[in-house]
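Observations on the three-dimensional arrangement
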Amino acid sequence: MSSFTAAPEESRGHRLVDAHGRTIRDMRLSITDRCNFRCTYCIGTGVRFAPKGTLLRTDEFARVARLATELGVQKIRLTGGEPTLHPDLLEIVASIREACDASVALITNGSLLTPATLAALRAAGLARITISLDTLRPERFSSITRSLSGPAAVLSAIEHSIAAGLGPVKVNAVLLRGVNDDEAADLADLARRLAIEVRFIEYMPLDSSGAWNASLWVSAAETRQAISRTHPLREVAPDDPSSTARVFEFADGAPGRVGFIAPVSSPFCGACSRIRITADGMVRPCLFSHDEFSLRELLRGGGTDMELREFLCDAAWNKQAGHGITSAGFRQPLRVMSAIGG
Ligand code: SAM
Ligand code: SF4
């Protein structure tokens, strides 16, 4: 565990702010580091998972969520790994909703979602869902995700999520050059057909095999141009002012939108309002942090609510100014995306 500078007395234990003037309002809470997929840009085949006993329990997730909302967090996104693999997902959602009034969202690969699960999640208090889908082609799906699932199952989950009222439903796609970068317009068509937002995320150096390199990376600008050739786009203000995406509607008035999240070509660190808690209870102030702070130790060591709030404030205070992906001295963090929570 890393050591850190304590937050100033006036905010410590009261609100989550960092030393660079940012206020934290969003929490990404990873509930598992396990996944039924092995997406090439995320988990390697030889990945090692955290021992089960180190993973937080439902009551611990709910307590962390409550404390974070007491410190100003308004939105909590459950992530992983694959959160739908967690046997107590419904209970986790319900316990968090019971413990605090934050809006609870879920990001998932969608492969395990049935209409019944979606209805139960909605009833438990889930507000919104984001589903990841990188390709509409079954063979590519197999080679990207190295799973037995396919795009049909994910498309069905997207359609059932819309029907279940878990909107606005968003779809996330990562394009890799020479792998699926020719599908930008097809994925934009999905946005039009289902009247949803499809968001293209630039590939980041967070994969466990360390395979990230500039030749695989596709910029948001290039993806936008590729879509514009088929469907001219018009930029609009995002629904959420703290959104990291640039959002565009279709100039011909078709429903749906596309968004571009460009952490590599246009870092949005200055406006970042996030903090992350890993499934094993480490606070990561930034996706690219090399420092992480063990909240689990304090949670399991009898820490009081005030001690835990102070700890969260200290961790947030130590959030780095930016990720520095494009700087010469950039080092990829040891934890990979699946173990941090995207
Ligand atoms: N398993 C769930 C899923 O795939 O949606 C939730 C966890 S996953 C880590 C969250 C998001 O991170 C997904 O949209 C995924 O595409 C994205 N992601 C994973 N590795 C990435 C990388 N190296 N660069 C950019 N996005 C990545
Ligand atoms: Fe699993 Fe999501 Fe990572 Fe794919 S992106 S391997 S589905 S955690």
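Before reading on, note that the structure itself is shown above.
Just so it is clear, the structure is predicted and the values come from calculations on it, not from any experiment.

1. Quick word on the site of ligand 1
Around ligand 1, the structure places 17 residues, and the nearest of them are Tyr 41, Gly 81, Glu 82, Ser 132 and Met 204. Backbone polar atom of Tyr 41 to a nitrogen atom of ligand 1: 2.9 Å apart, as the coordinates give it. Take Thr 108: an N or O atom from its main chain is 3.3 Å from an oxygen atom of ligand 1. Classifying every residue of the shell around ligand 1 by side-chain character gives seven nonpolar, eight polar and two charged.

2. A few points about the packing of helix H6 (residues 184-194) against helix H7 (residues 220-230)
The N-to-C vectors of H6 and H7 enclose an angle of 65°; their axes lie 8 Å apart at closest approach. It follows that H6 is roughly perpendicular to H7 by the angle criterion. Relative to H7, the crossing made by H6 is right-handed. On H7, the residues that touch Ala 184, Ala 185 and Ala 188 of H6 are Thr 223, Ala 226, Ile 227 and Thr 230. Its residues assigned to classes, the contact of H6 with H7 shows five nonpolar, two polar and no charged.

3. Section: H6
An α-helical segment advances 3.6 residues per turn. Residues three or four places apart therefore align on the same side. Buried residues dominate H6, accounting for eight of its 11 residues. When H6 is considered as a whole, its buried residues turn out to be Ala 184, Ala 185, Leu 187, Ala 188, Leu 190, Ala 191, Arg 192 and Leu 194. Contacts made by the buried residues of H6 are with helix H5 (151-163), strand S5 (170-174), strand S6 (197-201), H7, strand S8 (246-250) and strand S9 (257-261). Among the residues trailing H6, Ala 195 stands out with phi positive, at a value near 55°.

4. Some thoughts on the packing of aromatic side chains
The tally for this structure, following the rule as stated, stands at four aromatic pairs. On the numbers, 5.7 Å between centres and 90° between planes, the contact of Phe 37 with Phe 141 is edge-to-face. A residue pair is termed long-range when its members are at least 10 positions apart, and Phe 37 in the loop between strand S1 (26-30) and helix H1 (58-70) and Phe 141 in helix H4 (residues 138-145) qualify at 104 residues. Phe 37 sits in the buried class, given a relative accessible area of 4%. Each ring, one from Phe 248 and one from Phe 260, has its centre 5.6 Å from the other, and the planes form 75°; the classification is edge-to-face.

5. Re the pairing of strand S10 (residues 274-277)
A regular strand places its side chains so that they alternate between the two faces of the sheet. Burial along S10 is two-sided: the residues Arg 274 and Arg 276 and Ile 275 and Ile 277 are all buried. Looking at chain direction, S1 and S10 are connected through four bridges and run parallel. Looking across to S10, one finds that Arg 28 is bridged to Arg 276. Bridge count between S10 and strand S11 (residues 282-284): two bridges; the pairing is antiparallel. For Arg 276, the partnering residue across the bridge sits in S11 and is Arg 284. Taken together, S10 and the strand that follows it, S11, pair antiparallel across an intervening segment of four residues, in which Gly 281 is found at a positive phi of about 80°.

6. Some thoughts on the packing of helix H2 (residues 89-99) against helix H3 (residues 115-124)
With their axes 8 Å apart at the nearest point, H2 and H3 run at an angle of 20° to one another. In terms of orientation, H2 and H3 fall into the roughly parallel class. In the packing of H2 onto H3, the handedness of the crossing is right-handed. Every residue of H3 that contacts H2 at Leu 89, Leu 90, Val 93, Ala 94 and Arg 97 is listed here: Thr 117, Ala 120, Leu 121 and Ala 124. Grouping the constituent residues of the contact of H2 with H3 by class yields seven nonpolar, one polar and one charged.

7. Quick look at the nonpolar core
With 97 residues, the main nonpolar core has Ile 76, Leu 78, Ile 158 and Phe 200 as its most contacted residues. Ignoring any residue separated from it by four or fewer positions in sequence, one finds Ile 76 in contact with Met 27, Leu 29, Ala 65, Thr 69, Ile 96, Cys 100, Ala 102, Ser 103, Val 104 and Ala 105.

8. Digging into helix H9 (residues 305-317)
Counted at 1.5 Å a residue, the expected span for H9 with its 13 residues is 18 Å, and the 18 Å between its end C-alpha atoms agrees. Among the residues of H9, those classed as buried are Leu 308, Arg 309, Phe 311, Leu 312, Cys 313, Asp 314, Ala 315 and Ala 316. Looking at the buried positions of H9, the neighbouring elements they touch are H1, S10, S11, strand S12 (293-294) and helix H8 (295-300).

9. Let's talk about the pattern of salt bridges
All told, the structure shown has 23 salt bridges when counted by the stated rule. Across the pair Glu 70 and Arg 66 runs a salt bridge whose closest N-O atoms are separated by 3.0 Å. Separated by four residues within a single helix, Glu 70 and Arg 66 lie in helix H1, roughly one turn from each other. A residue is classified by how much of its surface remains accessible, and Arg 66, at 22% relative accessible area, is partly exposed. Here the residues in one salt-bridge network are Arg 63, Arg 66, Glu 70, Asp 305 and Arg 309, joined through shared partners.

The rules behind the values
- Residues numbered from 1 in each chain as written.
- Chains lettered and ligands numbered in written order.
- Predicted model: local features only at pLDDT ≥ 70, side-chain atom pairs only at ≥ 80, totals over all residues.
- Heavy atoms only, no water.
- Near = heavy atom within 4 Å.
- Polar contact = N/O pair within 3.5 Å; in protein donor to acceptor, adjacent residues only side chain to side chain.
- Nonpolar A, V, L, I, M, F, W, Y, C, P; charged D, E, K, R; others polar.
- Axes fitted to C-alpha atoms, helices over the stretch in contact; angles between N-to-C directions.
- Helix = DSSP H or I, 4+ residues; strand = E, 2+ residues; numbered from the N terminus.
- Parallel < 35°, antiparallel > 145°, perpendicular 65-115°, else oblique.
- Left-handed = near helix turned anticlockwise from the far one by under 90°.
- Contact = heavy atoms within 4.5 Å.
- Buried < 20%, exposed > 50% of the residue type's maximum accessible area, 1.4 Å probe, protein only.
- Phe/Tyr/Trp six-rings, centres within 6.5 Å; stacked < 30°, edge-to-face > 60°.
- Pairing = 2+ DSSP bridges.
- Core = buried A, V, L, I, M, F, W, Y, C linked by side-chain atoms within 4.5 Å.
- Expected span 1.5 Å × (residues − 1).
- Salt bridge = Lys/Arg side-chain N within 4 Å of Asp/Glu carboxyl O.

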